[in-house]
Structures are given as structure tokens and as C-alpha cells.
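Residue-level structure breakdown
If you want the building blocks of each chain, they are given just below.
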Amino acid sequence: MPGLAAGFLAMVQRDLLLVWRRPGDLLNPLVFFIMVCTLFPLAIGPDAEVLRDIGAGVTWVAALLAMLLSLNTLFLSDFEDGSLDQLLLSPQPLPLLALGKTLAHWMSTGLPLMVVSPMIVLTYKLPTDVVPVMMVTVALGTASLSLVGSIGAALTVGLHRGSTLLSLLVLPLAMPLLIFGARTVSLAAGDEPYFGGLNLLAAYLVGALALAPFATAAALRISNE
Amino acid sequence: MPGLAAGFLAMVQRDLLLVWRRPGDLLNPLVFFIMVCTLFPLAIGPDAEVLRDIGAGVTWVAALLAMLLSLNTLFLSDFEDGSLDQLLLSPQPLPLLALGKTLAHWMSTGLPLMVVSPMIVLTYKLPTDVVPVMMVTVALGTASLSLVGSIGAALTVGLHRGSTLLSLLVLPLAMPLLIFGARTVSLAAGDEPYFGGLNLLAAYLVGALALAPFATAAALRISNE
Amino acid sequence: MTHKLKAERLSLFRGERCLFHSIDFALESGELLLLRGPNGSGKTSLLRGLCGLLDFDDGILSWDGEDIGRNRQDFRARFAWYGHKTGFKSDLTAEENLRFERHLRAASGRDIREAIDRLGLTRQRQLPVRSLSAGQQRRASLARLLLSGVDVWVIDEPFTNLDAEGRGLVESLVAEHVGRGGMAIVATHHDMLDGQPVKTLEIGQ
Amino acid sequence: MTHKLKAERLSLFRGERCLFHSIDFALESGELLLLRGPNGSGKTSLLRGLCGLLDFDDGILSWDGEDIGRNRQDFRARFAWYGHKTGFKSDLTAEENLRFERHLRAASGRDIREAIDRLGLTRQRQLPVRSLSAGQQRRASLARLLLSGVDVWVIDEPFTNLDAEGRGLVESLVAEHVGRGGMAIVATHHDMLDGQPVKTLEIGQ
Amino acid sequence: MTMFDMGDYGPYVWTCFGLGLAVLVFNEWQARRRHKRLFRDVQVRVRAKEGEQ
Amino acid sequence: MWTFFHKLGSPPHFYRLSLLFSPWLAIPGYLLIAWGTYTGLFVAPEDYQQRDAFRIIYIHVPAAYLAQMTYAIMAVAGAIGLIWRMKLAHAVAAAAAPIGASFCILMLVTGSIWGRPMWGTWWEWGDPRLMSALILLFLYFGLIAMRNAISDTAKADKACAVLAMVGALNIPIIRFSVDWWTSLHQGATLIRRGGPAMDADMLWPLLANLLGFSLVLGAVLLRRIRTEVLYRERRKRWVRDLVLGSEAA
Ligand code: HEM
Ligand SMILES: Nc1ncnc2c1ncn2[C@@H]1O[C@H](COP(=O)(O)OP(=O)(O)OP(=O)(O)O)[C@@H](O)[C@H]1O
Ligand SMILES: Nc1ncnc2c1ncn2[C@@H]1O[C@H](COP(=O)(O)OP(=O)(O)OP(=O)(O)O)[C@@H](O)[C@H]1O
Ligand SMILES: [Mg+2]
Ligand SMILES: [Mg+2]
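The structure displayed is predicted, hence computed values, not measured ones. Note that residues are indexed from 1 along each chain, following the sequence as it is written. Here the convention is simple: chains get letters from A, ligands get numbers from 1, in the order in which they are written. Thresholds applied to this predicted model are a pLDDT of at least 70 for local features of residues and 80 or more for the giving and counting of side-chain atom pairs; totals over whole chains, interfaces and linings are not thresholded and use all residues. With hydrogens and water stripped out, all remaining heavy atoms of the structure feed into the side-chain values.

Observations concerning unusual backbone geometry
Residue and element names in this part refer to chain B. Within the chain, K125 stands out as a residue other than glycine whose phi angle is a positive 60°. Under the DSSP-based scheme used, a helix requires at least four consecutive residues in state H or I and a strand at least two consecutive residues in state E, with every element numbered from the N terminus. Inspection of the secondary structure puts K125 in the loop between α7 (110-123) and α8 (131-156). A simple rule labels every residue: compare its accessible area, found with a 1.4 Å probe on the protein chains alone, to the largest value its type can have, and call it buried under 20%, exposed over 50%, or partly exposed in between. Given a relative accessible area of 43%, K125 falls into the partly exposed group. Phi angles above zero are rare outside glycine, and D191 is one such case at about 60°. A relative accessible area of 67% places D191 in the exposed class.

Some details on the sheet that holds strand β6 (residues 79-82) of chain D
Residues and elements named next belong to chain D. The pairing criterion is simple: DSSP has to find at least two bridges between the two strands. Reading across the sheet, the five strands line up as β6-β7-β8-β3-β9 and stay open at both edges, with parallel pairing between neighbours. Every other strand in the sheet has two partners, leaving β6 and β9 (199-202) as the edge strands with one partner each. Ignoring which end each strand starts from, the neighbouring axes of this sheet average 15° apart. Bridge count for strand β3 (residues 32-36) against strand β8 (residues 183-187) is four bridges, and the pairing is parallel. Residue pairing across strands places L34 opposite V186, the latter belonging to β8. The strands that helix α4 (residues 134-147) touches are β6 and β7 (152-156); relative to β6, the one it contacts most, it runs at about 175°. Strand contacts of helix α5 (residues 164-179): β3, β7 and β8, with the helix running at about 155° to β7, the strand carrying the most contacts. Axes here refer to lines fitted to C-alpha atoms; in helices the fit is confined to the stretch in contact. Angles between the N-to-C directions go from 0 to 180 degrees. For this analysis, residues touch if any pair of their heavy atoms sits within 4.5 Å.

Thoughts on the sheet that holds strand β8 (residues 183-187) of chain C
Residue and element names in this part refer to chain C. Spatially, the five strands line up as an open sheet ordered β6-β7-β8-β3-β9, and their pairing is parallel. What marks the edges here is a single partner per strand, and that holds for β6 (79-82) and β9 (199-202). Each strand of the sheet is rotated relative to its neighbour by a mean of 15°, with strand direction disregarded. Sheet topology places β6 next to strand β7 (residues 152-156); four bridges connect them, and they run parallel.

Side note on the site of ligand 2
Whether a residue is near a molecule or strand is decided by its heavy atoms; if any one of them lies within 4 Å of it, the residue is near. For ligand 2, the set of nearby residues contains 20 residues, the closest of which are S133 and G135 of chain C together with K43, T44 and S45 of chain D. Chains contributing residues near ligand 2 are chains C and D. Here a polar contact is taken to be a pair of N or O atoms separated by no more than 3.5 Å, where protein atoms must pair a possible hydrogen donor with a possible acceptor and residues adjacent in sequence count only if both atoms sit in side chains. One nitrogen or oxygen atom from the side chain of K43 of chain D is found 2.6 Å from an oxygen atom belonging to ligand 2. One of the side-chain nitrogen or oxygen atoms of T44 of chain D is found 2.5 Å away from an oxygen atom of ligand 2. Only the protein chains shown count as cover for residues, and the accessible areas themselves come from Shrake-Rupley with a 1.4 Å probe. Across the complex, the protein chains shield 88% of the 650 Å² of accessible surface that ligand 2 would expose by itself.

Quick look at the interface of chain E and chain F
Between chain E and chain F, the residue contacts involve 31 residues of the former and 43 residues of the latter. Across the interface of chain E and chain F, roughly 3,500 Å² is buried in total on both sides, 74% from carbon and sulfur atoms. E28 of chain E is the salt-bridge partner of R223 of chain F, the closest N and O atoms lying 3.6 Å from each other. Where chain E touches chain F, the interface holds five residue pairs in polar contact (both at pLDDT 80 or more). Listed by contribution, the elements that provide at least two residues to the side of chain E that touches chain F are α1 (2-5) and α2 (10-52) of chain E. Note on definitions: buried area is the accessible-area loss of two parts on being combined, 1.4 Å probe, summed for both. The salt bridge criterion pairs a side-chain nitrogen of Lys or Arg with a carboxyl oxygen of Asp or Glu, the two atoms within 4 Å.

So, in C-alpha cells, the structure goes:
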């Protein structure tokens, strides 16, 4: 049997290749994120002060929603075309494969969000020295979301229920991320100390990394009956 | 051949029956809408004045996004299970069937949004006499969105592109709705005259009603090749 | 009244490749056309073109001498399509699906229940199409043909997933339809209605 | 080395209905088991249970005397599954899909290109699976079996959508595998490997 | 030289005209390049086919 | 006359004739732009309010007009292609989209550069004129994205034609919205009742640039259509002869 690392890497590579073939999937959450962030000024009006007040909140809500929506399809196409069957039947440990898929998911959704997040800082007229904090929190938060969300995605994959159930499952788990994340950025924008928030986000990520793959694997076996 | 009205009604009825069988689909945009509207106060903080400023905008952005996301599946399942083939081959005029599907779509997405929109008025501490204006604008706006969106959904149905392309196509057409809608509600909240906006929304709806079904029908034939 | 379906010089390209070129055939009421050819020769594509789901790159299709391509809408009531996909909503039962389709095209006057019984799905009547086995789903979509009062049945690989009894059923349904003066065009890799007069069109040689 | 796969008292319920009850069989290396039964009798469900995609409601499955259900993971390397769905990502070519699956299970040492040529898909090598015809997709997923170095092939209706040549190919692939000391369990409505020694299991009577 | 200062608006005005020029040049260049590439592409393909026969 | 058009509609003829026509548009076009730009920059008097910043008008306004005109061309071509099944019309629509998008970007960028000194901001969310320009750009992007997403040319043509027509209907709606609430942006100065509200010295270079840009648009469009025609007909005999012929030459 091929080695564990080989299986994991092949999984990551396959999913990235798929994204590459359909750049639409990559752009999906990104476009959504940018859309939400640009629609707000349109709907609310151009008052600079109001915009500054809501900048961090809008960014984080947009990022959370973008991730939630993209999670819906994380295992769906594999379920529908039968390749999930093949993954489940493989002698490779399933948590590892699930982690591979999650990593590829983050690289194709969270990472682009992180890259464009500075743009938001400018649009909402936040002070420019918030940029690094914004990028770090978004990176940590989206990675945790990918992991936690993969559990929800695995649980709901066979149910043909759209994303409602998934959102309901994942949202309570994601709420702390939203609150810490937005708060950290706001604090940084107001020139106040913000390291506490960053530490919490990092701790959350470590926990998710240790537990989520196993939960996801178990959920996949149950869902694919 | 059965009559035109029979075909139209059967179409509406079938799609509503499907929603009934899978209430998840009905809840999807609704849950999304409520989620967006409640996440904001969480992320931004409870400052009443800021909330009041952004209330109308948040509602409208949330409604627009909820509709956009639900549009993605408007024709997708029909395409995938082959029932779109059967609709296209039916001697019934396709624009009428498309209109039937759009009506069912609005009844299962726009209507619930309209019903819950007063809740937002309360959450964001807007004056309560905005409620009727809010409901009317949301009803008009979501109906137009269903119609215009059905064109985009029909154009992208066979492309396996997720909702990015669809959003990109529909958004420019929907922006006037967003701007008029949010502006009208804000004006009403500030006790200013708002009938101009209502009239524009109504005019948009009439135009969309007259043209969209034909464009959708043409697009469906093209996409299903 | 007998009708005549005539195809002249049909051709179709896919990507860089010519799937078929200059196909001609003519079919009258009461005749069956078997379409044969190896995998990937373009049978499915040809059938989809015939019933109007895609456009040929060249050629003319006519019904009683009238060009069908000129005004497709007038001829939709004449064709019924049975392909790889069931065309049913999988959350509804077969009966609900068929009841909806009643409103889409002319009916043969047969009862829906009766058709379902005939196809051997009596026990599955309450199940949504999603829960049916592969073969049961194919049977259910055969009911569509049975219930429609349409001239031309266009059928793609009807024997897929069916057991011996199901295959016999398909044969007798097609034979009945043709016997009543209908036409049928069937793409299949198997033999069908041995010993009865059928036209055959080979493509992809 | 010969192995032995043994099933005792397998049963499965679906909804209110008992699909099958108390099924027993035993299979040794070099043997082929044909699974037969009418539409909806539970063949697909039985096969999915055998390779571990769903759990039986009762019964024991053992490999060389060891209970497989006790620790499925140890036995995954022994089963390969070929069902109604291709199991391929439709945006990738068959070759890319197969190259990925190389990393999932033991390989037979065969070359991917060679397998693709053998299945008659040489000209379609550049096409994404999505653009292949129905039969070509089935052929492509046969390559998975060919490339895997796995003991038991579990196959659901392999002849679907295949032309005469493709059906011959399936038969010779299975015969080869069994000849090399593999096992195969095949659900089909058609006859297969006539005249050679096969075990048959009928369900749903 | 004051001509080029444009009051205090030199940078604004000149970037605009520069961009205008850039867009014109880009369009012309892109149009020519695409045609040339396609032509060569078709040529290669046709020759390959002729060679086959 | 009709035979002329008929000939023009046939791909090989169009391919040959377009090469003849395009310099007749391009050369006068570039000359007009050169004169207009020079005069606009150095000869026209400065505006009493905006002073020299107003000279941006000589790029901004032609860009704005062309961005809209190209969209109109595309929508009309799409309609012709869809209704009369004229293949050349689809080629026109396909060729027009990227050019239109480039002018649309030029309009936005020059406009926002102009806005910096005039309004003190690069971009004003919610300003109707600015928004409608942005929407136009999104419409272009949508069309280009959709054409890229569909691999089958014939299908892409039809889908884009439908989309272009729908988008065209939206443009008046957007324009209408301008009247509804106040805009920072200038009202119509050129086309309005009572003639243009502008000095002749300022006006002539603007008109020259407008005409010049339009001619250049025509020339570039012809070139691109030619490329499209070549691509679409690449399997035809005349292309084979043409391609092999040029080898001999
Ligand atoms: C991002 C910013 C801007 C955008 C998107 C924009 C867009 C447009 C558009 C679409 C037009 C054509 C209108 C028509 O056809 O009637 C136009 C014309 C014009 N713009 Fe702008 N513009 C912008 C900024 C500015 C600024 C800052 C100024 C000057 C202070 C300006 C001055 C003009 C003038 C004088 C016209 C000609 C109006 C006419 O003759 O109708 N624009 N602009
Ligand atoms: N929820 C349910 N309630 C009752 N019966 C069900 C349910 N889900 C599935 N079934 C039944 O289970 C059977 C599914 O069997 P399976 O797919 O294994 O059949 P099969 O032998 O492979 O048939 P085929 O030859 O048609 O492929 C069908 O008879 C179906 O009606
Ligand atoms: N984009 C493309 N480029 C090149 N070839 C394509 C493309 N899309 C489809 N094809 C080819 O077109 C053919 C599809 O034909 P079709 O599905 O009609 O075959 P079929 O005769 O029904 O085959 P089967 O018996 O396997 O169902 C296949 O050979 C496929 O490879
Ligand atoms: Mg086929
Ligand atoms: Mg089965």
C-alpha cells in the first residue's frame, strides 16, 4: 500500500487540481466576500464614520458567510459522483484524507480571503496599520472554520438539504470566532492591545486541528450509508 | 393538449410540493437572512445609533444575498435529473412554465423574507411605523429579483460553475433594486417622502414581469444543449 | 392517418470531431428504427437532436414534408424522450411525477395507477423515486411513454438496468405502440423484437 | 495462497421491508460469484454491504475465518468496488483520476496509459470524464479495477451501456482476474462467462 | 515648462492622458497580436493535418 | 447595394475586406485624436472654475461615450445574431466586449482621478452616476466571464446575446436613477436643449476626440472581428487555402 504521506498529499493535490480546472469554485467565496463588502456601502450610504464603525464587523460576517457557503459543497460532489465511496473504501486512514480535503478547502477559500482582506481595510477607511492584524485573524479564523465546518459538511452530505442545516450546526461553533475576530480587529483599529484575542483564535485552531479530522471521518462513514 | 393555465398551475404546484417535501429548501434563504441580520449586531456591538443607521442597508443586503444564493438551484436539480429535458420538450410554451417556476421560487423565498422583515425593524431599533414600507419594498424587490435572477440561473445552469458567475451576471441588474430599496426604507425611517422609490420598484417589477420569462425560456433552451 | 418523419444529411460536430456526417433516414407510422453503433459513436447525441434538445450542425428534419427546424414548437407534441436520466424529481413518488407531466403533453387516456401496476411498481407506489432501485427507476420512467399520447417515441438504451422481465416489458410496450401506428426510434446495444420488421441505422463505422 | 470469503446469515431491512434474509455463501480465490435477482431485489444493497459501504442488520462476513466486521479497516485493501457511479471527478480526465487513485490502494503494477488503451479510450485521453459518452464513462471506471492489486472485485451491473465489444472486454477482464487467483462478485441481469465454472446466488425469490 | 504643470493639476491630468494613450495602444496591440497568434495556430494545425494525409 | 452587404456577410469576403477598411478608419481616427488632444491640452483656454483639471474631459468623456456605445453595439449585434441567425453578428458581439470593458475601465479611472481634485475623494459610494458606470463594467465582466465559461462557441454566442440584451434594458433604468437623487456628478453639458454649454474653443477638441475615438474603435473592432471570423471558420476550406497560400507567398 502507498504511504500515508502519499495519500494525504495526493488528496490535497487532487482537490487543488479540481479547483484549478474550475476556477469558478475558487472565486466563489472570494467574489461573495467582495460582494458583501461592497454592497454594504451601497446600501448604507457613504458616511465615512458609519463605515469605519462597521468595517471590522462587515469583514468578519462576510468571511464567515463565505466560508459557510463554500462548505456546503466540500463533500457534495464526491458524494454525488461516487468518489466518496472510493475514498471510504480506501485502506488509507480516513481522518488523514479528510484533513487533506480540509487543507485544500482552506487553501482555496480561506487563503484568498486573507489576501483580499486588506482591500476592505481601505474601502471602509480603517487605519492602514490594521492590515497585518486583519490578515492574521482572518487566516486563523478561516482555518478553524474550515476544520469545524468540515464536520458539519460531513454530517449533512447525504441529506440533500441545502445549507440550512449545515449553517445551523456550524454557526454555534463558529460564533466565538466571529466575536473574537471582529473584536480583535476593532481593538487594533482603536490602537488598543489586542493580543488576547489573537491567542484565543490560535488556541481554537489548535484544538480544531486535533479533533476535527476524526469527527469528520466518523461523520462521513455514517452519512454515506 | 392540456390548456395553458393547467400547465402553468401544475408547474407552480409541483415546485411548491417539492419545497413542502424538503422544507430545508424553504428555510434555506430564510435562515440565511435571519443569520446575516443577527450576526451583525454580534460583530459590530450593540451601539443603538450605529444599528439604526445600518438597519435598512443590512436588511436589503441580506435579502439580496439570500435571493442570489437560492437562485443557484432554481434550475439545477431539473437539469441534473433530466426533468428540464422534459419541460423543454413539452408543447406548453416555455416562458409560461418558466414563469411558473419563478412564481413558485418567489413564494418559497421572497414571501418568507417579507414575512420576517418586520423582525429586523425591531432588532435594529428602527421606528415601528417603517414596518409596512419595509414589507412592501421587500416584496416588490424580491419578486423582481426572482424574475431577473431566473434569467441568470437559466444562463448558467449547465456550466457547473457554482454561484460566482450567476452572482456576477445578476448583481449589476439587481443593484438598482438594492439602492432604491434601502434608500426608500431609510427615507421612511427618517420620516421623509419615499413614494418615488416605491414607484421605481414597482415599475422595475412590471418590466421584469413582462420580459424576464421570455429571456429565461430562451436561455434555458441554449443552456440545455 | 400515416405520418412520415424524414431526415436528410444530418451532421453534428463535437469539439474538433465530427460525430456523424450526412445521415439520412425515413420513418413512417407503424415503423421502428433501431439505432446501433459502438460506444461514443454519437447515438445519444443523434437522438437528442431528433427530439429537439440540441441543434444539428447541418441537415434537415421534416414531418410530412414540413421542415421541423423551422418551427420546433409546433412539433413538440409529437416527440417523447426517454434517456439515461429519469426526468423525475427524486423527492416525489413516481405517481406524483406522472400526474404533473399529465399537464405537459397530450395523454394516451391510460390511467396512471394502471400504468404503474403494469410496470411492476405496485409495491413501490408510496416510495419517492430516490428510494427506488436502479431498475425500478428505469421502469418508472417508462410509464411516461406509456401515458403520453405522442407519435414518436425516442428511446435511448431502454434495457439498461432491467431484468429479463423488464426487458420483455420494454419490447412489448414498443411493439404495442408501433402496432397502434406510432413510430419509435431506439438506440440500443442489444437485439430487439427479433423476427419483426424493423429498420436499422448503423452509425460510427 | 488461497483465501476464503464467507458470508453467514446476512440480512438487511429497508424501511418496513426485508430486502433479504439469511443469505449464506462462501467464495475462494479463483472463484466467481454471480448475483442474480429481479429489479429491486437488493443486489446493489448486498454488494455495498459486502465491501463495507453499509452495515447489514444481521449476519457475519469473514475472511479466512476472521470476522471482517470486527475491524473493517484491516480488510479495506482487499475489496474494490465498481458501482453505478463512476467514482471519477468529471472535470478531470480519466488518466488524472486514475493517477490520484494510485495513492489510495495497492496497485497491480500495470501502467495507466496501457489500461486506458486496453479499454479503448486512447482517443478520449485528453477529454474530461464529463465529455465522455455513457459507455466510455463505464469503460473508464473499469480501468480502476484493472489497475488495483486487490483480491475481491465487487461489481454491480458491469454491462450497463456497453456495446458488444465492451461486454466482451468486461468478461475477459473478470476471467483474467479470477484466473490469477482473485475473486469476483458480480451482480448482473445478463449471462456471463458461459461454460466456465461460476457460482450463482439468486436473491429475491 | 509651466504648460506641463497644468496649474497644480499636472499629475492628475497627465496620468489621465497617459492612461488614455495606454488604453489605445493596448487595444491596437492586443488586436494585432491575437490575430497573428491565431493565424499561426491555424497554420500549424492545418499543416499537421495535411501531413497526415 | 444588397449584394454588397451580402458579400460582407460572407466570412471570406469579410475577412478580406476588413483588412482594406481598417486603415481608412484608423488613420483619420488617430490624426483626429492627436489634434484634439494637442489642442485640448495646450490651446484650449482653462476653465474658470476647474482651471486646468478640466482638460481631463478630453479623455474621460470619449471613454464614457465609447464604453456605452460599445455596449449598445454588442447588444444590437447579439439581437441580430439571435433573431436572424447571422453568425457574423455574434462575432461582432464577441469582439466588442473586451474593447468596451477597456474603455469602461478608462472612464472609471480617469473619472476617479478627476474626482480627487474636484470632489476631494477618489470614489463616492452611492453616487448614482458612479454606480451606473460601475454596473456597466460589471455587465462587461459578466459577459466576458460567461463567454469564457462556455466552451462551445455557438452556445456561448447565444447565451451572451441573451445576456447582452437583458443588460441593455437595464441601462436606461440606471440612467433614470440619476434623476432620482442628487449626484456629485456633472449633468449633461454636451447633449441638451439649447445647444452645448461650452466654449467653442473647448468644444472643438472634445468633438475631435469623440470622433477620433469612435473611428479608432471601429478600426480595432474590425481587426478583432477578423480574428473571431478566422477562429470560427478554422475548419473551413477557405481558411485552409488562405493559410497554406500565405506560406507560398
Ligand atoms: C469615478 C468617477 C466618474 C465616473 C464613473 C464618471 C462617469 C461618467 C460617465 C458615464 C459619463 C458619460 C455621461 C453621459 O453619457 O451622459 C461622464 C461624463 C462626464 N463626466 Fe464623469 N465620471 C466620473 C467622474 C467625473 C468627475 C470627477 C468629473 C468632473 C468634475 C466628471 C465630469 C464629467 C463631464 C463634464 C462629463 C460630460 C457630461 C456630458 O457631456 O454629458 N466626471 N462621466
Ligand atoms: N426507504 C425505503 N423503504 C422501503 N423500501 C426501500 C427503501 N429504500 C429502498 N427500498 C427498496 O430497496 C430496494 C433497493 O434494492 P437495490 O437497489 O439493492 O436493488 P437491486 O437488486 O440492485 O435492483 P436493480 O436490479 O433494479 O438494480 C428496492 O426494492 C427499493 O424499493
Ligand atoms: N467536447 C468534446 N470534444 C470532443 N469530443 C467530445 C466532446 N464532447 C463529447 N465528445 C464525444 O462525443 C461522443 C458522445 O457521443 P454520445 O454520447 O452520443 O455517444 P453514444 O453513441 O451515445 O455512446 P454510448 O453508447 O457510450 O452511450 C463521445 O465519443 C465523446 O467522446
Ligand atoms: Mg449514449
Ligand atoms: Mg442495483
